[in-house]
Amino acid sequence: MIKFVLQGLEELGFTRTQVYTTLELRMKCGIGKCGRCNIGSKYVCKDGPVFRMDEIDQLPDEY
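Residues numbered from 1 in each chain as written. Predicted model: local features only at pLDDT ≥ 70, side-chain atom pairs only at ≥ 80, totals over all residues. Heavy atoms only, no water.

Asks: What's the story with the overall build of the protein in this structure? I'm lost.
Replies: A tally of regular secondary structure across the protein gives 3 helices and 4 strands. When the helices and strands of the protein are placed in sequence order, the string is α-β-β-β-α-β-α. With the C-alpha coordinates of the protein rotated into their principal frame, the extents come out at 40 × 20 × 15 Å. Evaluated residue by residue, the protein yields a buried proportion of 22% over its 63 residues. In the protein, once contacts between residues fewer than 6 apart in sequence are set aside, the share between residues at least 24 apart is 43%. Total accessible area on the protein is roughly 4,700 Å²; 52% of this is exposed by carbon and sulfur atoms. (Helix = DSSP H or I, 4+ residues; strand = E, 2+ residues; numbered from the N terminus. Buried < 20%, exposed > 50% of the residue type's maximum accessible area, 1.4 Å probe, protein only. Contact = heavy atoms within 4.5 Å. Areas by Shrake-Rupley, 256 points an atom, 1.4 Å probe, with all protein chains shown as cover.)

Okay, structure coming up:
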């Protein structure tokens, strides 16, 4: 559902620096111990879980 909302916001004219989303589905332990939530150099549990879309664009395509 988030994917379609993000597409809709872009169609309405919002820029990628105005749109925030969450990646909390990747979190397991929530404190950075297990490493399952890391995407590139970011840990979703420590650096997020809310990111701007332009920040997500800079992450590797593994999310």
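Asks: Quick question: what am I supposed to make of the environment of I2 here?
Replies: One can find I2 in helix α1 (residues 2–11). Relative accessible area serves as the criterion here: at 42%, I2 is assigned to the partly exposed category. For the pair formed by I2 and T22, sequence separation is 20 residues and the distance between their alpha carbons is 8.8 Å. Residues contacting I2, with those up to four places away along its chain left out, are T21 and T22.

Asks: Mind showing me how you'd approach the nonpolar core here?
Replies: Soluble globular proteins tend to bury their nonpolar side chains together. Grouped together as the largest cluster of nonpolar side chains are 11 residues: L6, V19, L23, C37, I39, V44, C45, F51, M53, I56 and L59. Broken down by secondary-structure element, the contributors of at least two residues to this core are α2 (44–47) and α3 (53–57). Dropping the residues within four chain positions of it, L6 is found in contact with V19, T21 and M53. (Core = buried A, V, L, I, M, F, W, Y, C linked by side-chain atoms within 4.5 Å.)

Asks: It is not clear to me how the pattern of salt bridges should be interpreted in this structure. Could you clarify?
Replies: If charged atoms from side chains of opposite charge come close, those side chains can pair. Enumeration according to the criterion identifies 3 salt bridges in this entry. Taken together, the shared-partner salt bridges connect E10, R16 and D57 into one network. (Salt bridge = Lys/Arg side-chain N within 4 Å of Asp/Glu carboxyl O.)

Asks: What am I meant to see in the side chain of T21 here?
Replies: Turning to its location among the elements, T21 is positioned in strand β1 (residues 20–22). Classification of T21 by relative accessible area gives buried; the value is 9%.

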